[in-house]
Amino acid sequence: MAINNINNGLPKTPVDNGKVAQQNQTQQSQQQAAAQNAQTAPAPRQDSVSLTQSAQQLNQVQKKGTEAPVNQDKVDRLKKAIQSGEYKVNPEVLANKIAKLEGEIFGTK
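What counts and how
- Residues numbered from 1 in each chain as written.
- Predicted model: local features only at pLDDT ≥ 70, side-chain atom pairs only at ≥ 80, totals over all residues.
- Heavy atoms only, no water.
- Helix = DSSP H or I, 4+ residues; strand = E, 2+ residues; numbered from the N terminus.
- Buried < 20%, exposed > 50% of the residue type's maximum accessible area, 1.4 Å probe, protein only.
- Areas by Shrake-Rupley, 256 points an atom, 1.4 Å probe, with all protein chains shown as cover.
- Patch = residues over 30% accessible without salt bridge, like charges linked within 9 Å, V, L, I, M, F, W, Y side chains within 5 Å.
- Salt bridge = Lys/Arg side-chain N within 4 Å of Asp/Glu carboxyl O.
- Lys, Arg positive; Asp, Glu negative; His and termini not counted.
- Charge placed at Lys NZ, Arg CZ, Asp CG, Glu CD.

Visitor: Any chance you could break down the overall build of the protein for me, citing the residues and the numbers?
Guide: When helices and strands are tallied, the protein shows four helices and zero strands. Each helix and strand of the protein, placed in order from N terminus to C terminus, yields the pattern α-α-α-α. When the 109 residues of the protein are sorted by exposure, 2% land in the buried category. Summed over all atoms, the accessible surface of the protein reaches about 11,300 Å², with 52% contributed by carbon and sulfur.

Written out as C-alpha cells, the structure reads:
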C-alpha cells in the first residue's frame, strides 16, 4: 500500500534537541511549582460568629425568662379581669416599676 502526500513533499525540519530539552525542563519546573503551591496552600478559612455584648445580655435574659416559675392561677385571674374590663392600670405605679426595672438592668439608680 502506498502513502501519498507525506509532509506535502516538504523537507523534514531538523529537531533542535536543546530546545526540546529546555521545553521539557520548563514543563517539569511548572509542574513542581504547582505541586509546591498545592502543598503550601493555606487552609481554607473557617466561618465564625461573634455576638455583641447586648446580644449576649439579651440571650441571658431570654434564658432566665424561660426558667422563671409561672403562677398560672394569677395569670388566669388577670386574663379574666382584662377580658371583662375590670382590670385598671395605675399609670404612676406602672411608670415607677418600669423605671426601677431599668435601673436594675442597666445599673443606674
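From this point, the discussion proceeds with the structure in view.
Visitor: Which residues make up a nonpolar patch on the surface, and what values go with them?
Guide: Together, Leu78, Ile82, Tyr87, Val89, Leu94 and Ile98 line one region of the surface with nonpolar side chains, adding up to about 550 Å² of accessible area. Broken down by secondary-structure element, the contributors of at least two residues to the nonpolar patch are helix 3 (72-84) and helix 4 (91-106).

Visitor: Account for a positive patch on the surface, naming residues and giving values.
Guide: On the surface, Lys74, Arg77, Lys97 and Lys100 cluster together into a positively charged patch. If you list the elements that add at least two residues to the positive patch, you get helix 3 and helix 4.

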